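Listed below, chain by chain, are the residues.
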Amino acid sequence: RSVDEERRIKYKAAIKIQSWFRGCRVRAYLRYLNERVIFIQKCWRGYQSRRYFRKMVETAYFIMKMNFYNEMAVRIQKRWRGYYVRKYIHNYYALKKYLEAISVNNEIVRNELREYVEMKENEEKRKDLEKKEKEKEYQARKMHYLLSTEQIAGIYNSPFRKSPDPMELLLRKSKPLSHKRQQVKSSFSSELYDWPTCKRPPTFSTVQPLPPIDRQKPQGPFRDTAEVLQQRYKPLEPTLRVAASINSPLKARDEMKMEEWRNRIHDNEFLPFSSYHKNEKYDPSIHRSGKYVQETYGTKHFREVQPKKWIADKVSHCIF
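Because the structure is a prediction, the values reported are computed rather than measured.

## Comments concerning the side chain of Ser174
Here's step 1: Relative to the elements of secondary structure, Ser174 occurs in the loop between α3 (166-173) and α4 (187-197).
Here's step 2: Setting aside chain neighbours within four positions, we find Ser174 in contact with Ala140, Arg141 and His144.

## Things to note about the pattern of salt bridges
Here's step 1: On inspection of all chains with the given rule, the structure shows 10 salt bridges.
Here's step 2: In this structure, Glu130 engages Arg126 in a salt bridge whose closest nitrogen and oxygen atoms are separated by 2.9 Å. Here the residue Glu130 and the residue Arg126 both occupy positions in helix α2 (residues 92-142), the gap between them amounting to 4 residues, near one helical turn.
Here's step 3: Judged by relative accessible area, which is 39%, Glu130 ranks as partly exposed.

## Considering a nonpolar patch on the surface
Here's step 1: There is a patch of nonpolar side chains on the surface, built from Val26, Tyr29, Leu30, Tyr32 and Leu33 and spanning about 500 Å² of accessible area.
Here's step 2: Residue position: Tyr32 is located in helix α1 (residues 2-89).
Here's step 3: Owing to a relative accessible area of 46%, Tyr32 belongs among the partly exposed residues under this scheme.

## Here we look at a positive patch on the surface
Here's step 1: On the surface, Arg50, Arg51, Arg54 and Lys55 cluster together to form a positively charged patch.
Here's step 2: With respect to the element layout, Arg50 can be found in helix α1.

## Remarks on the packing of aromatic side chains
Here's step 1: Inspection of the entire model under this criterion finds 6 aromatic pairs.
Here's step 2: Where Trp44 meets Tyr47, the ring centres are 5.7 Å apart and the plane angle is 35°; that geometry is what we call tilted. Taken together, the residues span about one helical turn, with Trp44 and Tyr47 both in helix α1 at a distance of 3 residues.
Here's step 3: For the ring pair Trp80 and Tyr84, a centre distance of 5.9 Å and an interplane angle of 35° mean the geometry is tilted. Here the residue Trp80 and the residue Tyr84 both occupy positions in helix α1, the gap between them amounting to 4 residues, near one helical turn.

## Quick look at the packing of α2 against α3
Here's step 1: For the pair α2 and α3, interaxial distance at closest approach is 9 Å and the crossing angle is 70°. As summarised for this structure, α2 and α3 are arranged roughly perpendicular, according to the angle between their axes. Contacts between α2 and α3 involve Lys136, Glu137, Gln139 and Ala140 on the former and, on the latter, Met167, Leu170 and Leu171.

About the criteria used
Residues numbered from 1 in each chain as written. Predicted model: local features only at pLDDT ≥ 70, side-chain atom pairs only at ≥ 80, totals over all residues. Heavy atoms only, no water. Helix = DSSP H or I, 4+ residues; strand = E, 2+ residues; numbered from the N terminus. Contact = heavy atoms within 4.5 Å. Salt bridge = Lys/Arg side-chain N within 4 Å of Asp/Glu carboxyl O. Buried < 20%, exposed > 50% of the residue type's maximum accessible area, 1.4 Å probe, protein only. Patch = residues over 30% accessible without salt bridge, like charges linked within 9 Å, V, L, I, M, F, W, Y side chains within 5 Å. Areas by Shrake-Rupley, 256 points an atom, 1.4 Å probe, with all protein chains shown as cover. Lys, Arg positive; Asp, Glu negative; His and termini not counted. Charge placed at Lys NZ, Arg CZ, Asp CG, Glu CD. Phe/Tyr/Trp six-rings, centres within 6.5 Å; stacked < 30°, edge-to-face > 60°. Axes fitted to C-alpha atoms, helices over the stretch in contact; angles between N-to-C directions. Parallel < 35°, antiparallel > 145°, perpendicular 65-115°, else oblique.

Below, the structure written as structure tokens:
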């Protein structure tokens, strides 16, 4: 038993020593591997960064070079286009000559416009003067009764003035204003004249015009001219078959229903064989303040009784 226990103790001690050694060996190997991985990552990252930096430098250099080339190309194109335009398209001397001609033309147009404006102003002034002269002449004709006579001096011919007023001289030259009587035209004759020529649409008046005095009715069974023209020019009243389309008879009926609904007074539907109107209240009257309701049978007074007006105390009865 003692030998077995000692053997077990040694066995456990050997296992501990082996496990400790193996752990130290594995940790050292793992540390070595970790260091190698870190070194490889650093090298790879440095390579990548150097490669990216080189690529960025190359790209920047390429862009700078292209910008330089583009700028130089633009300068060359600008110089060439300027030379070509100045030599073949826009000639300096021809442009100078053209501008001189435009300036001369502008001066001519300005002078013509100035003369036109002056002419219009003079014309407006002349029209204003003519209008004022016409107004003065009309006033002088209208106030011709203020003209001086041999006995009485007018208001424009004062004795305290050396010479008469210009209005007085205008009154002497002008004639008095006469009011012409307006000729009253017969509306019936104008209507008869305009109907055959179709100058305006016929208008039929409800009042019958009086016939002219010098006009005689022709002999024979002839109707009146106004009646004939009214019958001739009466408006067309087509039937439903003519007014509506042959393909839409229901549409014409709907239109007639809509017109009938638009023209009626109220929309209350009348139901004769139903109890719809039994509980309907009467509308109040606008001529009395009391309630306007339907009275039950038996409370209606067919004859008013006034006892104060009775002659005798007893009510008279009919005796058969």
